[in-house]
Amino acid sequence: METNRLEKLLEFIKNEPNDEFLKYALATEYLRLNDADKALYYYEDLVTNHPQYSGTYYHLGKLYEALDRKDDAVKTYEKGMEITKAKRDNHAFNELQSVYRELIGWDDDDDY
C-alpha cells in the first residue's frame, strides 16, 4: 500500500515535472517512508525553484533539525518568514516564527 501511493506520485511527476504540489507530496511521502535523502531532495528543489510555495519552509526546517543541521534550519525558517510575511500569510508566518524562536532559544515577544 505504501509504495502504491509513492508509485502513483512518481507517475504523476513524470507528466508534470514542475508541479510544485506534486514535488511537495513526494517530499512528504518520502519523509513518511523514512527516506530523508529523497525528501530533502524534493524540499530543497521546492525552495530553489518554487520559493513562494510557503508550506515547504516549515517541513524543510524540521527535516534539517532532525538531521542536526541547525544553521540550515535557522536560515530556512528565516527565509520562510520573509516570504510568508510578504504574502501576508499570517498562519504560516506564525508557525515558522514559533519553531524559529524555539530553535534559537528566543523567549521574548519581539517581532521578527
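Everything numeric in this text was worked out from a predicted model, so none of it was measured. Each residue is numbered by its place in its chain's sequence as written, counting from 1. A pLDDT threshold of at least 70 governs which residues receive local features in this predicted model, and a stricter bar of 80 or more applies before side-chain atom pairs are shown or counted, although totals over entire chains, interfaces and linings include all residues. Note: side-chain values were computed over all heavy atoms of the structure, leaving out hydrogens and water.

Caption draft 1: Examining the nonpolar core more closely. Grouped together as the largest cluster of nonpolar side chains are 29 residues, with contacts concentrated most on Leu26, Tyr30, Tyr43 and Tyr77. Those elements giving two or more residues to this core turn out to be helix H1 (2–15), helix H2 (20–32), helix H3 (36–49), helix H4 (55–66), helix H5 (70–87) and helix H6 (90–104). With 6 residues, H2 is the single largest residue contributor to this core. Look past the residues within four positions of tyrosine 43 in its chain and what remains in contact with it is Tyr24, Ala27, Thr28, Leu31, Thr56, His59, Leu60 and Leu63. Joining through side-chain atoms within 4.5 Å is the link that ties buried Ala, Val, Leu, Ile, Met, Phe, Trp, Tyr and Cys residues into a set, and such a set is a nonpolar core. Residue burial is assigned from relative accessible area. The probe radius is 1.4 Å, only protein chains are included, and a residue is buried under 20% of its type maximum, exposed over 50%, and partly exposed in between. Secondary structure follows DSSP: runs of H or I at least 4 residues long count as helices, runs of E at least 2 residues long count as strands, and numbering of each begins at the N terminus. Pairs of residues are marked as contacts when any of their non-hydrogen atoms sit within 4.5 Å.

Caption draft 2: Quick peek at unusual backbone geometry. You will see that asparagine 34, though not glycine, has its phi angle at about 65°, which is positive. Among the structural elements, asparagine 34 can be located in the loop between H2 and H3. Phi angles above zero are rare outside glycine, and aspartate 68 is one such case at about 60°. In this fold, aspartate 68 is placed in the loop between H4 and H5.

Caption draft 3: Just the side chain of lysine 23, in detail. The residue lysine 23 is located in helix H2 in this model. Think of a polar contact as two N or O atoms within 3.5 Å of one another; within protein, one of them needs to be a possible hydrogen donor and the other a possible acceptor, and neighboring residues in sequence only count if both atoms come from side chains. Separated by 3.1 Å, the side chains of lysine 23 and histidine 50 make a polar contact. When residues no more than four places from it in sequence are discounted, the contact partners of lysine 23 are Ile13, Pro17, Asn18, Tyr42, Asp45, Leu46 and His50.

Caption draft 4: Spatial organisation of the packing of aromatic side chains. Centre distance within 6.5 Å is the pairing criterion for rings of Phe, Tyr and Trp, where only the six-membered ring of Trp is used; planes under 30 degrees apart are then read as stacked, over 60 as edge-to-face, and the remainder as tilted. On inspection of all chains with the given rule, the structure shows 4 aromatic pairs. With a centroid separation of 6.0 Å and an interplanar angle of 10°, the aromatic rings of tyrosine 30 and tyrosine 42 are classed as stacked. You can see tyrosine 30 sitting in helix H2 and its partner tyrosine 42 sitting in helix H3, a full 12 residues away along the chain. A single burial state applies to tyrosine 30 and to tyrosine 42, both of which are buried. On the numbers, 5.0 Å between centres and 85° between planes, the contact of tyrosine 41 with tyrosine 42 is edge-to-face. For tyrosine 41, a relative accessible area of 51% gives the class exposed. Three or more aromatic residues joined by ring pairs form one cluster here, namely Tyr24, Tyr43 and Tyr53.

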